Structures are given as C-alpha cells and as structure tokens.
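Chain by chain, the residues run as shown.
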Amino acid sequence: QLFVAMIEDSVNESLYYPAHLAGMEVDIGAMASYSGFVLSLEGLSDKLGDLAASYFETMTSLTIDAERFEKRKEERLRDCRNLCLNPSKHAKRTLEVLLKQTDATQEEKVAALESMSVKDLQSFANGIWDHAHVESQMVGNLTQNEARRVGERIRASLPGAPIPDDAWPETR
C-alpha cells in the first residue's frame, strides 16, 4: 500500500494534473490488492489509452522521494494503528484476512512499516516488475485494434517476464 501511495504521488504530479489542465475528464485510482494492485482509469477522452500507457511507464521507472516517503509512511502507520476505530474498515479487514491464505496482522504491518526505509521501498519498486501480469477491460469508443495497441504499449513498458504459473498467490 505504501508503494501504491508513492505511485499516486508521482503520477499526480506528472500525469493526472497535466491531464486535468488539458481538459481531460479522467479519474485515476490505484489500490493495493491481495496479489498486487488494481489501476483504474475512467473518463471521456480519446487520450485515455495514452494516459494508461504513460501511467505504466511512470510506474516502472519510479524513483522514491525521501520526503514524500516519510509523509506517506506516517499516514500509513496512522491508518494501521487506527483501523480498530472504524467498524466498517475493521470488518472489511477481517474479511480480507479470512479470504487470504496468509496475511500479516496489523501489528506485523506496523512493525514492518516502522523498520522500512526509502532504500527498502526503492529496492521493492525496482524488483516488482521482474514478473508482472496485466489484465485490462477497455470499454467505449475504441476499436479492437486500438485496444490491442494500448495493451501492447503497456506490455512493452514492463521490463520483466510474465508471472510463472507456480508463483500466483493462493486464495482460500
């Protein structure tokens, strides 16, 4: 989740804000999931495919800013420590734990976050693309060939290989 927050910071500066200024009505969201993260791009623009490809290009070359890292780390620590104060988030978190084969407790997450450094997260960011899998759903005013070109551009921006069959996360 900290990695996704750093991606959001980077993309907000380099992609989202300029797209918004250019009049593109887009919504960019990324969230951590049990096996990686989910990226959502929605809006009314024929440039959405270019924005998606640019997003992936930005993610694969991410440089962690130390000041932003510390701010986002503190936010994440606060969220972890305060989870029990929000019943709906606490219930959702309990469901996530039940659905996953293995998962860290909130205490384990706090301990891991407290010991994490910029160097640790940068190392993770550099290595996460060694094996990657991308699925997409493109709906709207685009042809099948246009959708394939966007997919090919995204795949070309990923430096690693596909995830091996035996490396997929297990679910219950």
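Here is a short report on the structure shown in this document. As the structure is a computational prediction, the values presented were derived from the model and not from experiment.

1. Notes on helix α6 (residues 118-127)
Looking at α6, one finds that the buried residues are L121, Q122 and A125. Projected down its long axis, α6 carries its buried residues within an arc of 100 degrees, all on one side. Exposed residues lying more than 90 degrees from the buried face of α6 are K119 and N126. For α6, the secondary structure elements touched by its buried residues are α1 (2-21) and α3 (66-81).

2. Concerning the side chain of Q122
Within the secondary structure layout, Q122 lies in helix α6. Residue Q122 is classed as buried on the basis of its relative accessible area, which comes to 17%. With sequence-adjacent residues up to four places away left out, Q122 is seen in contact with L62, T63 and I64.

3. Thoughts on the pattern of salt bridges
Within the structure shown, the criterion is met by seven salt bridges. Notably, a salt bridge pairs D9 with R72, separated by 2.7 Å at the nearest N-O pair. Here D9, found in helix α1, pairs with R72, found in helix α3; they are 63 residues apart in sequence, far enough to count as distant. Judged by its relative accessible area of 9%, D9 is buried. Exposure remark for R72: the relative accessible area of 17% places this residue in the buried category. For the salt bridge of K71 with E75, the shortest nitrogen-to-oxygen distance reads 3.8 Å.

4. A look at the packing of α3 against helix α5 (residues 106-115)
Packed helices, taken two at a time, are described by their axes: the angle between them and the distance between them. Following both chains from N to C, one finds α3 and α5 inclined at 165 degrees, their axes separated by 9 Å at the closest point. For the element pair α3 / α5, the angle class is roughly antiparallel. With respect to the hand of their crossing, α3 and α5 are arranged in left-handed fashion. Residues K73, R76, L77, C80 and R81 of α3 form the contact with α5, whose own contacting residues are Q106, K109, V110, L113 and E114. Of the residues belonging to the contact of α3 with α5, the class tally is four nonpolar, one polar and five charged.

Rules of the game
- Chains are numbered independently. Their residues run from 1 in the order of the written sequence.
- Note on the predicted model: pLDDT of at least 70 is required for a residue's local features to be given, and 80 or more for side-chain atom pairs to be given and counted; whole-chain, interface and lining totals, by contrast, use all residues.
- Calculation of side-chain values draws on the structure's entire complement of heavy atoms; hydrogens and water are dropped beforehand.
- Type-normalised accessible area, obtained with a 1.4 Å probe on protein chains alone, sets the label of each residue: buried when under 20%, exposed when over 50%, and partly exposed for intermediate values.
- Helix and strand assignments follow DSSP, with helices taken as H or I runs no shorter than four residues and strands as E runs no shorter than two, numbered in order from the N terminus.
- It is the directions from the helix axis to the C-beta atoms that the arc portrays.
- We call two residues in contact whenever any of their non-hydrogen atoms come within 4.5 Å of each other.
- Basic side-chain nitrogens of Lys or Arg form a salt bridge, by our definition, when they fall within 4 Å of a carboxyl oxygen of Asp or Glu.
- To get an axis, a line is fitted to the C-alpha atoms, and for a helix only the part in contact is used. The angle between two axes follows their N-to-C directions and goes from 0 to 180 degrees.
- For classification purposes, an angle smaller than 35 degrees is called roughly parallel, one larger than 145 roughly antiparallel, one from 65 to 115 roughly perpendicular, and anything else oblique.
- Each crossing gets its handedness from the near helix: less than a right angle anticlockwise from the far helix is left-handed, clockwise is right-handed.
- Throughout this entry, Asp, Glu, Lys and Arg are counted as charged residues, while Ala, Val, Leu, Ile, Met, Phe, Trp, Tyr, Cys and Pro are counted as nonpolar. The remaining residues, Gly among them, count as polar.

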